[in-house]
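# Architecture at a glance
The primary structure of each chain is shown beneath.
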Amino acid sequence: MQQYLDLFQQLALQHCQQNRAVSEPIQASQLQHMIDVSIGADGAELDDLKQAAGQYLKFQPDSGQVDFFKLLYSGRNNPALLGDWVASLGNANMHTFQVSPVATLMELELIDQWNRLVGFTTDSRAGDGVMVSGGSQANLIAMMMARHQAMPDIKAKGLTGQTLVAFVSDQAHYSAQKAANLLGIGTDNLIAVASDAQGRLCPQALAIAIETSLEQGHLPFFIGLTAGTTVLGAFDPVMECRAIADQHGMWLHIDGAWGAPVLFSQHHRHLLNGSDLADSFAWDAHKLMNVPITAAVILTRHQGLLELACGGGGGDYLFHSDENATYNLGQKSIQCGRRADALKVWLSWKAVGSNGFADKVNRLQELKRRCVEAINTSDCLYMIGPAVYLNVLFQYRPTTSMTETQLRELNIALCKHMQAQGCAYVDYAKYQGKTGIRLILANDETQYQDIQRLLDHCLQFGAELRQISSKG
Ligand SMILES: Cc1ncc(COP(=O)(O)O)c(C=O)c1O
């Protein structure tokens, strides 16, 4: 054990202290020739394992750095890291209290806290929930609860002739399609409702789409809103959609995988006004709360429905009716074995308190404001969508004479060039026909000068790339 602890300490310190590029682009075929990942019949020495673990870290883009703007998380969360390591050490299994006693109590506390923030738990009622592997699974379970509410017989008898129809916006995450596929709804019966100029689901378009499906003799059962869309960070209007859902007895879900943490902030929680009116809510702790992947939750205001929709028979060998039976979380989950993700979330929340997350949201929103201001005052950078949250989608556009196809090529080349130079890791994305740079502000340590440096690089490299392409 001691050798492994020493090795781990060495790797961890080296990884966190080294001065390296945020990410080095590498082709898969190149990497396959550089490292040996084969497994043989004979065992290897500790030194071989050390080398392999070192290589894993060496080629891993460093999401801990302030220049990592690519994904919906960034930075290093030390209390959560401690939780991740200790969770592996204890190897709790979250199906039953007996084999996860402290982690179960922690998960219940987290679910209560999350439910209070969303508004499902108040002084007079309590919401329900269970931790899941991520927003995708949370969205799947939300649709499963909705399906159960609409047609409970499907659980035992399978799908009948009735066509169930679900609605999300055209900006929703692709996990909605996976859910429609997995649950037998069919991806053709997942309707992508038009969004408005702000990237928010348009309630009028939703109402029309529902009417159309009713005219076709179908059963509209699920409306999936997004709080913080993946590309633009838009927040769909909850109240209007709740009213539409009520007219048709439909389930209203909010995918807050990315945007939910605004609920910590008194200044920004208005973006999620009406969250308490939803039937279910998805929240990823491994996005803005920056807990190492994976950690997420599905919440619902309907007590007992998770168990009804997800629970099944045949678990007698595991779920004994002992004095702790009411603490067993397993029947609310679609998993059997489930990691104690609660520990890392709990430790990091305990360490900074709810106010710590509120401060993070407030600070990053202010940084976003200054970033957008700098883009708007630049001659060659243009916002290509509003930034109400922490996604800044902008385009390098040196002249008005370039076509969108040319601008797309230039902006993609710019992202790749910045990565190759090791100065920043950003991604590109398309919104309403325009391709630009998607800058995600998720790292607590990011300062305005880091943003300024990135924008300067965009202008400098953009001009250089343009010169090269005009010569070619
Ligand atoms: C809005 C939204 N919902 C859901 C997901 C999927 O979450 P996960 O990767 O945790 O499954 C994402 C991922 O980026 C997302 O942006």
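Everything below is about the structure printed above this text.
Residues numbered from 1 in each chain as written. Predicted model: local features only at pLDDT ≥ 70, side-chain atom pairs only at ≥ 80, totals over all residues. Heavy atoms only, no water.

## Description of the layout of surface pockets
- Roughly 990 Å³ of internal volume is contained in the largest pocket.
- Along its surface, the largest pocket is lined by 31 residues, and H15, Y56, L57, R76 and L81 are the ones closest to its centre.
- Of all elements in the fold, only α1 (2–17), α3 (46–58) and α4 (78–90) reach the threshold of two or more residues within the lining of the largest pocket.
- If you tally residues by element for the lining of the largest pocket, the top one is α1, at six residues.
- Of the residues belonging to the lining of the largest pocket, the class tally is 18 nonpolar, nine polar and four charged.
- Taken domain by domain, the lining of the largest pocket gets at least three of its residues from each of domain 1 (20–60) and domain 2 (92–339). (1 Å grid on protein atoms, 1.4 Å probe; cavity = no way out; pocket = protein on both sides within 12 Å on 5 of 7 lines; lining within 4 Å. Points joined across faces, edges and corners; volume = space filled by probe spheres on them. Helix = DSSP H or I, 4+ residues; strand = E, 2+ residues; numbered from the N terminus. Nonpolar A, V, L, I, M, F, W, Y, C, P; charged D, E, K, R; others polar. Domains from an automatic or database assignment.)

## A closer look at the sheet that holds strand β1 (residues 128–132)
- The strand order across the open sheet formed by seven strands is β1-β7-β6-β5-β4-β2-β3, and the pairing between neighbours is mixed. The sheet is open, and its two borders are formed by β1 and β3 (190–193), each paired with just one other strand. The sheet shows a mean angle of 20° between the axes of neighbouring strands, taken without regard to direction.
- Judged from the five bridges that link them, strand β6 (residues 280–284) and strand β7 (residues 296–300) form a sheet pairing that is antiparallel. Bridge assignment links W283 to a residue of β7, and that residue is V297.
- Across the sheet, helix α5 (residues 101–118) is in contact with β1, β6 and β7; its angle to β1 comes to roughly 115°. (Pairing = 2+ DSSP bridges. Axes fitted to C-alpha atoms, helices over the stretch in contact; angles between N-to-C directions. Contact = heavy atoms within 4.5 Å.)

## As for the site of the ligand
- Close contacts around the ligand come from 15 residues, with G135, S136, T230, D255 and D284 the closest.
- At 2.8 Å from an oxygen atom of the ligand is found a side-chain nitrogen or oxygen belonging to T230.
- A distance of 2.6 Å separates a nitrogen atom of the ligand from a polar side-chain atom of D255.
- Here the element with the most residues in the shell around the ligand is helix α6 (residues 135–150); it accounts for three residues.
- Here the shell around the ligand is built from residues that sort into two nonpolar, 10 polar and three charged. (Near = heavy atom within 4 Å. Polar contact = N/O pair within 3.5 Å; in protein donor to acceptor, adjacent residues only side chain to side chain.)

## Concerning helix α12 (residues 341–377)
- Between its terminal C-alpha atoms α12 stretches only 44 Å, short of the 54 Å expected from 37 residues at 1.5 Å a residue.
- Along α12, the helix axis deviates most sharply at G353, where the bend reaches about 85°. (Expected span 1.5 Å × (residues − 1). Bend = angle between axes of the 7 residues up to and from the residue.)

## A closer look at a nonpolar patch on the surface
- On the surface, F8, L82, W85 and V86 cluster together into a nonpolar patch covering about 350 Å² of accessible area.
- You can see W85 is positioned in helix α4. (Patch = residues over 30% accessible without salt bridge, like charges linked within 9 Å, V, L, I, M, F, W, Y side chains within 5 Å. Areas by Shrake-Rupley, 256 points an atom, 1.4 Å probe, with all protein chains shown as cover. Salt bridge = Lys/Arg side-chain N within 4 Å of Asp/Glu carboxyl O.)

## Considering empty space enclosed by the protein
- Overall, the coordinates contain two cavities of 30 Å³ or more when judged by the stated rule.
- Along the wall of the largest cavity there are 14 residues; nearest its centre are N139, V168, A176, H253 and D255.
- Of all the secondary structure elements, the ones that give two or more residues to the lining of the largest cavity are α6, α8 (175–182), β4 (219–226) and β5 (251–255).
- In this structure, the second largest cavity encloses a volume near 50 Å³.
- Around the second largest cavity, the lining residues are R20, V22, S23, E24, K58, F59, Q60 and P61.
- In terms of residue class, the lining of the second largest cavity is made up of three nonpolar, two polar and three charged.

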